[in-house]
Amino acid sequence: MAISTLGSLGLLSSRLGACKMELADRAVGFLLTLISLSIFTYYTFWVIILPFVDSDHFIHQYFLPEEYAILVPVFAGVALLCFLCVFIGFVMLKPKKKKA
């Protein structure tokens, strides 16, 4: 009886640990979704709506000049492409482990 109780406690603790990890994963996922949605909303407002607002309106002080509307995504794309190429290069150059 004591062995089965200890076994069930171990199973319970592993389930609690998995539940905590699942909760942490959900929190990170929610945070990333919130950040992505905020960036998308800001950029959409900046590029689509702001050109139709008068240039002397106070809302323009919260946004960068329109030239950056193209430069920022291009720079982010180039940085992402460079990171991806370096990562693929490291993976391809990594020595393979020989099976015995």
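Residues numbered from 1 in each chain as written. Predicted model: local features only at pLDDT ≥ 70, side-chain atom pairs only at ≥ 80, totals over all residues. Heavy atoms only, no water.

Draft legend 1. Expanded view of the overall build of the chain. Along the chain, the regular secondary structure elements total 2 helices and 0 strands. Counting only residues that meet the buried cut, the chain has 5% of its 100 residues in that class. Surface exposure of the chain reaches about 9,400 Å², of which carbon and sulfur atoms provide 76%. (Helix = DSSP H or I, 4+ residues; strand = E, 2+ residues; numbered from the N terminus. Buried < 20%, exposed > 50% of the residue type's maximum accessible area, 1.4 Å probe, protein only. Areas by Shrake-Rupley, 256 points an atom, 1.4 Å probe, with all protein chains shown as cover.)

Draft legend 2. Region of the structure containing the pattern of salt bridges. Going through the model one piece at a time under the given rule, you end up with 1 salt bridge. The residue Arg26 makes a salt bridge to Glu22 at a minimum N-O spacing of 3.4 Å. Taken together, the residues Arg26 and Glu22, both in helix 1 (residues 2–49) and 4 residues apart, mark about one turn of the helix. What makes Glu22 partly exposed here is its relative accessible area of 44%. (Salt bridge = Lys/Arg side-chain N within 4 Å of Asp/Glu carboxyl O.)

Draft legend 3. Quick look at the UniProt feature "transmembrane region" (unreviewed entry) in the chain. According to UniProt, the positions carrying the feature "transmembrane region" (unreviewed entry) are residues 30–50 and 70–93. As annotated, residues 70–93 comprises 100% helix and 0% strand, and the C-alpha atoms at either end are separated by 35 Å. (UniProt positions renumbered as here; feature names shortened; annotations may be inferred.)

Draft legend 4. Broad picture of the environment of Tyr42. Tracing the backbone through its elements, the reader meets Tyr42 in helix 1. For Tyr42, a relative accessible area of 36% corresponds to the partly exposed category. Separated by 21 residues in the primary sequence, Tyr42 and Phe63 have C-alpha atoms spaced 8.8 Å apart. When sequence neighbours within four positions are dropped, the list of residues in contact with Tyr42 reads Tyr62, Phe63 and Leu64. (Contact = heavy atoms within 4.5 Å.)

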